[in-house]
Amino acid sequence: MADIIINPFDEYGFTPATLTEKINKKPATYGMIRNSGIFKPEPVYTSDIVTTFVNGKIRLLRSKKRSAKPNQKEKSKAERHFFQTVHIPYQGRIWAADLARKMKLSGAVMQTLMAEMQKELEEMKGDHAITEEFFLVKALQGVLYDADGTTLIKNFFDEFGVTKETQNFTLGTGTTDVAKKCKEVVRHIKKNIGGDVMTGVECICDDVFFDNLTGHAEVKEVWKEHKATVDRVMSGQDPTQSFSFSGITFREYGASAPHPETGEALDFIGTGKAHFYPAGTQRTAKLYYSPAEDFDSAGQLGKPLYVRQTMNDKKKWVDVDTEQNLFPIWTRPECLVEGDDGIA
């Protein structure tokens, strides 16, 4: 009778629960927007999301005589919007032959298994992290695309019935009043933040827009002073990651990743483009996570990532399956502004 071959990862306790906990604890190095806290994580029980958006307005209350009828609170109109989390499955593979060679060299079974699984999880989490970053950047632009950059998932301007605000900075003209254009952006965002709060206005822009901005006659000296201050006070820090001008904090953002089909570099932000948004909001930007599509996770709140491993029928390899179910939402697209450097 042939010996029963046991999945070594099962033998040493690499269960879906322990693997899922392990991958979610691993720090992800990719993602300025992921790490910024702009999008508030919101775990949900199902892939279907129903949001109730109450367009409440803050208003002044008149003073009254002690015996007079009080100010009456107007009932806010509630709007319902329906979304569904995006399902992103991913599969890696650990070959038995590779594992056997490494075990023979090290002589330590448990340590080899742990090292091999950790390597696989780190690589897979990196790909999930950059994918999530891409989704967040696109949501921050008001239009959510799939990883190919062209397949539309959701246009938040259409969803909430607003027109996208744009600002041409005409940075190729030396006499342009850049400070005035920045103030127009800030005023538009403040006017449209509605009942939410904000701590300021921020901008992510590509390197072309950033160079044209900081090289403009009106901005050049401010940028020079900023760089000198950073070099003197925060030696080693990148001055392009937090440059304040006329009420806006500008950050150069150069993220790109290989296109999933062609392998060519896919820039997260277009050439000469800038995207302005309110920072420090509480209700405007949400990131929903739904559970994995299996019985173990049914009826539970979602997690950022899920992992399980299974050996194939011929015992030649172990598949490592990860799963991501997420949906970023920008509920007030009217307070997003797209900028252009105005240089053809």
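The structure displayed is predicted, hence computed values, not measured ones.

## Some details on the pairing of strand β10 (residues 248-252)
Counting buried residues in β10 gives 4 out of 5 residues, a clear majority hidden from the surface. Inspection of the sheet shows strand β8 (residues 200-205) paired to β10 by 5 bridges, in the parallel sense. In the sheet register, Cys-205 faces β10, and the bridge partner there is Glu-252. In terms of strand pairing, strand β9 (residues 243-245) meets β10 through 3 bridges, oriented antiparallel. Its bridge partner being in β10, Phe-243 is matched across the sheet by Phe-250.

## Some remarks on the environment of Thr-163
Of note, Thr-163 is situated in the loop between α5 (156-159) and β7 (165-168). Note on Thr-163: relative accessible area 71%, which makes it exposed. In the structure, Thr-163 is positioned 171 residues away from Glu-334 in sequence and 7.0 Å away in space, judged by C-alpha atoms.

## Brief notes about the pattern of salt bridges
Under the definition given, this model contains 11 salt bridges. Put simply, Lys-273 and Glu-338 hold a salt bridge, and the shortest N to O gap is 3.5 Å. Of the two residues, Lys-273 is situated in strand β13 (residues 273-279) and Glu-338 in strand β17 (residues 337-340); the sequence distance between them amounts to 65 residues. Using a relative accessible area of 17% as the deciding quantity, one classes Glu-338 as buried. A salt bridge links Lys-273 to Asp-340, with the nearest nitrogen and oxygen atoms 2.8 Å apart. Pair noted here: Lys-273 is in strand β13 and Asp-340 is in strand β17, with a separation of 67 residues, a long-range link. Under the relative-accessibility criterion, Lys-273 is labelled partly exposed at 23%. Take Asp-340: its relative accessible area is 24%, and that puts it in the partly exposed class. By sharing partners, the salt bridges in this structure join Lys-164, Lys-273, Glu-338 and Asp-340 into a single network.

## Structural notes on helix α8 (residues 220-233)
The first and last C-alpha atoms of α8 sit 20 Å apart over 14 residues, in line with the 20 Å expected at 1.5 Å per residue. Looking at α8, one finds that the buried residues are Trp-223, His-226 and Val-230. Each buried residue of α8 sits inside an arc of 60° when the element is viewed along its axis, so together they form one side. The exposed residues of α8 that point more than 90 degrees off its buried face are Lys-224, Glu-225, Asp-231 and Arg-232. If you follow the buried residues of α8, they end up packed against α7 (207-214) and β9.

## A look at the nonpolar core
Counting 58 residues, the largest nonpolar core has Ile-33, Phe-39, Ile-248, Phe-250, Phe-276 and Trp-330 as its most contacted members. Not counting chain neighbours up to four residues away, the residues in contact with Ile-248 comprise Cys-182, Val-185, Val-186, Val-201, Glu-202, Cys-203, Phe-243 and Phe-276. Grouped together as the second largest cluster of nonpolar side chains are 11 residues, Leu-19, Leu-99, Met-124 and Val-320 included.

Procedures and definitions
Residues numbered from 1 in each chain as written. Predicted model: local features only at pLDDT ≥ 70, side-chain atom pairs only at ≥ 80, totals over all residues. Heavy atoms only, no water. Buried < 20%, exposed > 50% of the residue type's maximum accessible area, 1.4 Å probe, protein only. Helix = DSSP H or I, 4+ residues; strand = E, 2+ residues; numbered from the N terminus. Pairing = 2+ DSSP bridges. Salt bridge = Lys/Arg side-chain N within 4 Å of Asp/Glu carboxyl O. Expected span 1.5 Å × (residues − 1). Arc of directions from axis to C-beta. Contact = heavy atoms within 4.5 Å. Core = buried A, V, L, I, M, F, W, Y, C linked by side-chain atoms within 4.5 Å.

Keep in mind that these numbers describe shape and distance, not what the molecule does.
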